[in-house]
Amino acid sequence: MITKYIQELVAYGKKKGLIDLVDEVYVTNRLLELFECMEYEPADQVEADRPVHEILEDMMVYAHEKGILKEDTITMKDLFDTKIMGCITPAPSVVRNIFQEKYARSPKEATDFYYDFSIATNYIRKDRIEKDEKWVTDTEYGPIDITINLSKPEKDPRDIAKAGQAKKSGYPACLLCKENEGYAGHFSHPARQNHRIMPMQLDCQNYFLQYSPYVYYNEHCIIFNGEHIPMKIDRAVFKKLLAFVGQFPHYMAGSNADLPIVGGSILSHDHFQGGGYTFAMAKADYDRTFTLPGHEDVTAGIVRWPMSVIRLQCEDPAKIVDAADHILTSWRAYTDEAAFIFSETDGVPHNTITPIARMRGDLYELDLVLRNNITTDECPWGVYHPSADLHHIKKENIGLIEVMGLAVLPARLKKEMSDLADAILAESDLRANETLEKHADWVDAWIGNYEITAENVKEIIRDEISKVFVKVLECAGVYKRTEEGQAAFMRFVESL
């Protein structure tokens with residue numbers, strides 16, 4: 001039976017352009033070795049167009065039955081099926097040559113190829129991504145994107161136990177290091193035999209392009225430094241982001257901030273995120289414009305957005321870099337006690353920026369989102385962090401993706417919202433339910449505004465979740481969308 005599955009996978013690889021005709025025998029033999037099979041008689045006929053995840057699942061069932069795959073936990077299966085796909089994935093040099101050939105014709109043609117390739121190798125697990133729940137809700141700031149992320153499988157308790165007992169490895173140093181390409185992985189580090197990365201130069205430094213395996217939005221890519229060095233928001237970052245969108249004008253690119261609470265999940269490795277998606281923030285217009293002394297060629301203004309955003313536009317990226325560097329330097333040192341903005345306390349810095357670059361026609365555009373990570377006894381999570389009454393929906397840090405208007409919500413909400421819909425229809429006491437009681441006050445605040453039916457209850461819950469996310473973004477804004485808050489914002493602008 002395994003020979004049939006091998007034949008199916010090889011046929012899949014040929015169809016997707018992963019296997020050249022001259023490599024078919026070599027790939028077949030690698031798979032036979034992996035499955036400890038010394039005989040091979042091709043079947044006269046194999047099922048055509050079967051999804052690759054189904055072929056891999058059958059292969060893993062066989063491997064587990066034969067004792068090749070020792071345990072059938074999610075982690076062990078992911079490690080093993082990636083090893084399988086590594087057998088049919090072309091060498092890095094081959095993929096890079098194709099990418100460069102296509103880039104010479106068109107940057108978009110190159111990324112189209114690379115994205116399709118990353119799906120074909122199952123590096124991007126399309127069958128899992130498709131399980132994510134996504135919707136768009138119109139708000140006062142425009143259409144806001146919401147996704148409940150279901151593509152990261154929950155850990156099996158057996159995997160958690162083994163990961164805790166496993167010897168810690170320092171190689172690769174993190175999930176973003178270039179050494180992940182082709183790495184076999186282990187209990188606490190994903191396998192990457194089917195992973196290929198594309199080299200590039202940004203501001204005369206070596207960077208690499210890859211796609212996120214979780215694809216939170218269209219063609220969600222990561223641009224990471226060739227060296228394992230910490231993230232830092234500075235003048236060079238602005239140059240690199242604008243250089244990237246200059247090389248790939250159909251993509252945007254942004255960076256998480258470089259401080260805890262307001263930064264990303266991996267601050268230890270310098271990286272950006274980009275992709276082929278127009279976020280709600282990019283659609284938002286100027287609320288007001290202003291002139292930056294010494295940078296009159298750059299159009300500058302405050303964006304109508306729940307967070308505090310200064311947008312810069314110019315045909316010359318170097319002029320944007322100069323203006324952005326001036327704003328960053330000023331913001332790092334800026335204190336306004338009346339607005340509870342402190343540049344530092346006890347020597348600990350608080351002010352930083354989340355920058356996002358894109359092309360708008362012939363104009364380079366850079367959004368600078370002002371961030372501050374100060375905490376207090378009353379707000380240990382951060383003063384400019386989702387307030388406690390919103391934590392039942394979102395309590396994680398507000399990073400780059402959320403800043404731009406896409407909520408990445410935890411997987412637990414899928415079941416909780418389904419159960420909540422049933423409880424509302426049944427008029428059950430939410431406070432008597434251990435899982436749903438945290439949502440009770442929230443539901444009480446809006447349930448009287450609707451005539452709720454079985455047909456509309458889920459849509460209503462989705463809309464109310466979207467409203468919570470808008471409040472989350474407003475919480476993260478250092479200057480609130482009030483007369484007082486905007487006056488404080490202008491005090492900073494005038495200080496420039």
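In this text, all values refer to a predicted model and were calculated from it rather than measured experimentally.

A. Spotlight on the pattern of salt bridges. Scanning the model with the defined rule gives 36 salt bridges in all. Residues Lys438 and Glu416 are paired through a salt bridge, measuring 3.2 Å at the closest nitrogen-oxygen approach. Of this pair, Lys438 sits in the loop between helix H13 (412-425) and helix H14 (440-446) while Glu416 is found in helix H13, placing the two residues 22 residues apart along the sequence. Its relative accessible area of 38% is what places Lys438 among the partly exposed residues. One network of salt bridges, with partners in common, ties together Arg311, Arg358, Arg360, Glu365 and Asp367.

B. Region of interest: the layout of surface pockets. One number sums up the size of the second largest pocket: a volume of about 520 Å³. Forming the walls of the second largest pocket are 24 residues, and the residues nearest its centre are Tyr12, Lys16, Arg50, Pro51 and Val52.

C. Geometry of the sheet that holds strand S2 (residues 142-148). On the basis of which strands lie adjacent, the open sheet formed by 3 strands has the order S1-S2-S15 and mixed pairing. The open sheet has two edge strands with one neighbour each: strand S1 (133-139) and strand S15 (406-409). The average undirected angle you get between the axes of adjacent strands in this sheet is 20°. Note: S1 against S2, 7 bridges, orientation antiparallel. Within S2, the position partnered with Asp138 by the bridge is Pro143. Running at roughly 70° to S1, helix H15 (residues 457-476) makes contact with S1, S2 and S15 of the sheet.

D. Focus on the packing of aromatic side chains. Within this structure, the stated rule accounts for 25 aromatic pairs. Ring centres 5.0 Å apart and planes at 85° place the aromatic pair Tyr277 and Phe279 in the edge-to-face group. Under the relative-accessibility criterion, Tyr277 is labelled partly exposed at 27%. According to the relative accessible area criterion, Phe279 is buried, its value standing at 3%.

E. Structural context of the packing of helix H1 (residues 2-15) against helix H2 (residues 24-34). Across the interface, H1 lies against H2 with an axial gap of 10 Å and an inter-helix angle of 140°. Of the possible angle classes, the one that applies to H1 and H2 is oblique. For the element pair H1 and H2, the recorded crossing hand is right-handed. Each of Ile6, Leu9, Val10 and Lys14 in H1 lies in contact with H2, whose residues at this interface are Glu24, Val27, Thr28, Leu31 and Leu32. Here the residues of the contact of H1 with H2 are counted per class, giving 6 nonpolar, 1 polar and 2 charged.

Reading the values: rules and limits
- Residues numbered from 1 in each chain as written.
- Predicted model: local features only at pLDDT ≥ 70, side-chain atom pairs only at ≥ 80, totals over all residues.
- Heavy atoms only, no water.
- Salt bridge = Lys/Arg side-chain N within 4 Å of Asp/Glu carboxyl O.
- Helix = DSSP H or I, 4+ residues; strand = E, 2+ residues; numbered from the N terminus.
- Buried < 20%, exposed > 50% of the residue type's maximum accessible area, 1.4 Å probe, protein only.
- 1 Å grid on protein atoms, 1.4 Å probe; cavity = no way out; pocket = protein on both sides within 12 Å on 5 of 7 lines; lining within 4 Å.
- Points joined across faces, edges and corners; volume = space filled by probe spheres on them.
- Pairing = 2+ DSSP bridges.
- Axes fitted to C-alpha atoms, helices over the stretch in contact; angles between N-to-C directions.
- Contact = heavy atoms within 4.5 Å.
- Phe/Tyr/Trp six-rings, centres within 6.5 Å; stacked < 30°, edge-to-face > 60°.
- Parallel < 35°, antiparallel > 145°, perpendicular 65-115°, else oblique.
- Left-handed = near helix turned anticlockwise from the far one by under 90°.
- Nonpolar A, V, L, I, M, F, W, Y, C, P; charged D, E, K, R; others polar.

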